[in-house]
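One letter stands for each residue in the lines below.
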Amino acid sequence: MHTIVLATQKGGSGKSTLAIGLALAAIQAGHTVRLIETDPQGTLSNWQSRRPYAEPIVEPIYSAGDIEPRLQLLDRSGVTPTIIDTAGGVSAATTAAIRHADLCLIPARPSVADIEATAPTLGLARVWNTPFAFVLNQTPIRGQRVGNAATVLSDEAALDAVVALPYMVMRNDHQDALGLGLAVIEYAPSSKSADEVRGLWQWVEARLNCGVTASEQPVVSELAASPDTVPTMFPHTSAEAVALVS
Ligand SMILES: Nc1ncnc2c1ncn2[C@@H]1O[C@H](COP(=O)(O)OP(=O)(O)OP(=O)(O)O)[C@@H](O)[C@H]1O
Ligand SMILES: [Mg+2]
């Protein structure tokens, strides 16, 4: 079983929307999926209660110590990916989820505030040696802003390794689908938004299957492609990362 966690401290960046989107894209691709919700806000549970179908099951787990044993049990029960949605901010449950995940997806809107807010999550992924990737979400259809954001997050040579593709464009389908208890690929299966989510799942699956370890990822200093813009947001060592999140 692979475990994917959606995490970043910035609220509203798309953790829950992407968790739901990826879960349904994975089901459509033939997987048995479980969603774990560590966010007491309950976005996933509320979505499930509006949903006309039982699948995927949403399990609320708010205690950090319950995450690892639950993942072990799900692994033995034949679930293929478990996708964990976390709360904004930094919490013990988020830390545990990142620690036990095979891939940490860090959503960010293409804004300086969102990108800066990824630093503590990136620090945790580094501390626990969890492979990570940024997901640019709610992007404009086209424009310089998206390219700039991607460049800040990753240097050009390492772009494919660190920033997931495709970017998730800001589209009303996502909000409309969630309101009805659906994922975008159910609500508007032929839409561009559905294509993007399916594409993102394919990227994630390929990333998981190629088995890149955290140590093979670009070093943190290489990520700060624009040091004038983002001078110290990315920690260089575990100690710096711990300092950022403590
Ligand atoms: N690509 C997108 N296009 C349009 N709307 C989007 C997109 N992604 C997310 N949204 C909307 O943005 C809002 C915030 O998204 P979401 O709840 O997924 O963020 P979050 O990171 O889980 O927030 P929180 O930290 O509060 O849990 C929601 O209304 C959601 O429908
Ligand atoms: Mg959420």
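What you are looking at is a predicted structure, and each value in this text was computed from that prediction instead of being measured. (Residues numbered from 1 in each chain as written. Chains lettered and ligands numbered in written order. Predicted model: local features only at pLDDT ≥ 70, side-chain atom pairs only at ≥ 80, totals over all residues.)

**Re the site of ligand 1**
Around ligand 1 lies a shell of 19 residues, among which G11, K15, S16, T17 and G88 are the nearest. Of the residues that constitute the shell around ligand 1, the class distribution is three nonpolar, 13 polar and three charged. (Near = placed C-beta within 6 Å. Nonpolar A, V, L, I, M, F, W, Y, C, P; charged D, E, K, R; others polar.)

**Considering the sheet that holds strand β5 (residues 103–108)**
If you walk across this open sheet you meet the seven strands as β3-β2-β4-β1-β5-β6-β7, and the pairing is parallel. Edge strands, defined here as strands with exactly one partner in the open sheet, are β3 (58–60) and β7 (168–169). One ladder, built from five bridges, connects β5 with strand β6 (residues 132–139); its direction is parallel. Bridging across to β6, P107 finds its partner in V135. Of the strands in this sheet, β1 (2–6), β2 (34–37), β4 (81–85), β5 and β6 are in contact with helix α1 (residues 15–28), which crosses β4 at around 165°. (Pairing = 2+ DSSP bridges. Helix = DSSP H or I, 4+ residues; strand = E, 2+ residues; numbered from the N terminus. Contact = placed C-beta atoms within 7 Å. Axes fitted to C-alpha atoms, helices over the stretch in contact; angles between N-to-C directions.)

**Quick notes on helix α6 (residues 119–127)**
Within α6, nine of the nine residues are buried, leaving the element largely enclosed by the surrounding structure. Immediately beyond the C-terminal end of α6, within one or two residues, lies N129, with a positive phi of roughly 60°. (Buried ≥ 20, exposed ≤ 12 C-beta atoms within 10 Å, placed from the backbone.)

**Observations regarding the pairing of β4**
Among the five residues that make up β4, five are buried, leaving the element largely enclosed by the rest of the structure. With burial as the criterion, each face of β4 is covered, one bearing P81, I83 and D85 and the other bearing T82 and I84. As paired strands, β1 and β4 are joined by five bridges and run parallel to one another. Within β4, the residue paired with H2 across the bridge is P81. Two elements, β2 and β4, share four bridges in a ladder whose sense is parallel. In the strand pairing of β4, E37 is matched with D85.

**Looking at the pairing of β1**
Of all five residues making up β1, four are buried, and the element is well covered by its neighbours. Taken together, the three bridges between β1 and β5 define a ladder with parallel strand orientation. Within β5, the residue paired with L6 across the bridge is L105.

**Some details on helix α2 (residues 43–50)**
Among the residues of α2, L44, W47 and Q48 are the ones counted as buried. In a view along the axis of α2, the buried residues occupy a sector of 100°, so they form one face of it. In this structure, α2 carries S49 and R50 as exposed residues pointing more than 90 degrees from its buried face. Its buried side turned inward, α2 meets α1, β2, β3, β4 and α9 (172–179). (Arc of directions from axis to C-beta.)

**Regarding the packing of α1 against α2**
Two elements in contact, α1 and α2, have axes separated by 10 Å at closest approach and are oriented at 50°. The orientation of α1 with respect to α2, classified from their angle, is oblique. Considering the relative orientation of α1 and α2, their crossing is right-handed. Contacts between α1 and α2 pair S16, A19 and I20 from the former with T43, L44 and W47 from the latter. When its residues are assigned to classes, the contact of α1 with α2 shows four nonpolar, two polar and no charged. (Parallel < 35°, antiparallel > 145°, perpendicular 65-115°, else oblique. Left-handed = near helix turned anticlockwise from the far one by under 90°.)

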